[in-house]
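# Coordinates in review
Spelled out, the chains give:
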Amino acid sequence: MSFGQGGPQSQWDPWTPQSQQPWNSGADQTPDWAALAEASEARNKRRRLFFIGGGALATVAIGTAVAMAVVSANGDGGQADNQTSQLPATADIPSESTGPAPSFAPTSAPPPLDPKDFVSSAKKDTAPLSPQILFPGTQLTMGDTVYKKGPTADTKSCASAARQTLPKVLDANDCTRMLRVTYTKDGMAVTVGVAVFDTEAQAAKAKTQADDKSIVKSLNGGGVKAFCESAVCRTTTNSYGRYAYFTIAGFTDGKDVTTKDTEVFQTGDDLAEFTFRQIRRRGEAQASAAAAEG
């Protein structure tokens, strides 16, 4: 066993400042080069180990950073997986509500006005009325057919504008007015008579009570010859709202109408259709005006 002399033995490191270089105890003060080489080799080995270990730690650190970045970028998916794993059991999941359905307050918008209401009673049907208003212009076009407008008439004595069984029907239901107009085309003529009542019920009853002998009186004049005074003619009856309307169509030369005379039938149907449209338009116009007024 040897003991150091003069205090602790100093360790010399050529890479450390202020360290003391060891000398051997002999008279020869030559450095121990073998020891120095050993020490240098040991230091180099330690440095290599340090670099390898540091590199491994750096690689682990980088790998951890990348892994953290991946997790961060897919955070939602990880969170979804976590949430899925933390879902309550089936018994804990709330079931569909069985309470009453929510109710909503009714809207304040009024229902649309019915045009027929405005032509179903004298109280609402207050717009001006005349043959010229109901049958405007000088001619009428229905499809490809053009009819020339002839004379018009307006009377409060409904029975005076009717024949056979129709006067009695009109009087029984309190007809207040009869408007008539005649149209012609190619030797044919048709008169439309519009009977006005106070209520829809009266007009509907008059229509029901009319029979095949309930005839409106044909209207001639203004270049239109008398027609359907003694000859067989075709007639129609209908009603809409507080109006009942009748047609009588035939030849202006006095010839009887037969079932083969389809042109005469078409003439009567065209004028009946046009009359219906005009009464309906009258209701639409008054309904629109009432809606605009609020």
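Because the structure is predicted, anything quoted here is derived from the model rather than measured.

### Section: the pattern of salt bridges
- According to the stated counting rule, one finds 7 salt bridges in the structure shown.
- The salt bridge partner of Lys-116 is Glu-200, with a shortest N-O separation of 3.1 Å. Pair noted here: Lys-116 is in the loop between helix 2 (75-85) and helix 3 (131-134) and Glu-200 is in helix 5 (residues 200-209), with a separation of 84 residues, a long-range link.
- Among the ionic contacts, a cluster of salt bridges with common partners joins Asp-125, Arg-242 and Arg-282.

### As for the pairing of strand 5 (residues 188-196)
- A large share of strand 5 lies buried, amounting to 9 of its 9 residues.
- With 9 bridges joining them, strand 4 (residues 177-185) and strand 5 adopt antiparallel strand pairing. In the sheet register, Thr-184 faces strand 5, and the bridge partner there is Ala-189.
- Between the end of strand 4 and the start of strand 5, which pair antiparallel, lie 2 residues, with Asp-186 showing a positive phi angle near 50°.

### Some remarks on the nonpolar core
- Phe-135, Leu-140, Tyr-183, Val-194, Tyr-243, Leu-271 and Ile-279 are the most contacted members of the largest nonpolar core, which has 26 residues in total.
- Elements with a minimum of two residues in this core: strand 1 (139-142), strand 4, strand 5, strand 8 (243-251) and helix 6 (262-293).
- Excluding residues within four positions of it along the chain, Phe-135 makes contact with Lys-149, Val-181, Tyr-183, Val-192, Val-194, Phe-274 and Thr-275.
- The next biggest cluster of nonpolar side chains, apart from the first, holds 23 residues, and it includes Val-169, Ala-203, Phe-227 and Ala-244.

### Observations regarding helix 5
- Burial in helix 5 covers these residues: Gln-202, Ala-203 and Ala-206. Viewed end-on, helix 5 has its buried residues packed into an arc of 100°, placing them on one side of the element. For helix 5, the exposed residues set more than 90 degrees away from the buried face come down to Ala-201 and Thr-208.

Each value, and the rule that gives it
Residues numbered from 1 in each chain as written. Predicted model: local features only at pLDDT ≥ 70, side-chain atom pairs only at ≥ 80, totals over all residues. Heavy atoms only, no water. Salt bridge = Lys/Arg side-chain N within 4 Å of Asp/Glu carboxyl O. Helix = DSSP H or I, 4+ residues; strand = E, 2+ residues; numbered from the N terminus. Buried < 20%, exposed > 50% of the residue type's maximum accessible area, 1.4 Å probe, protein only. Pairing = 2+ DSSP bridges. Core = buried A, V, L, I, M, F, W, Y, C linked by side-chain atoms within 4.5 Å. Contact = heavy atoms within 4.5 Å. Arc of directions from axis to C-beta.

The quantities given are spatial measurements derived from coordinates; they are silent on function.
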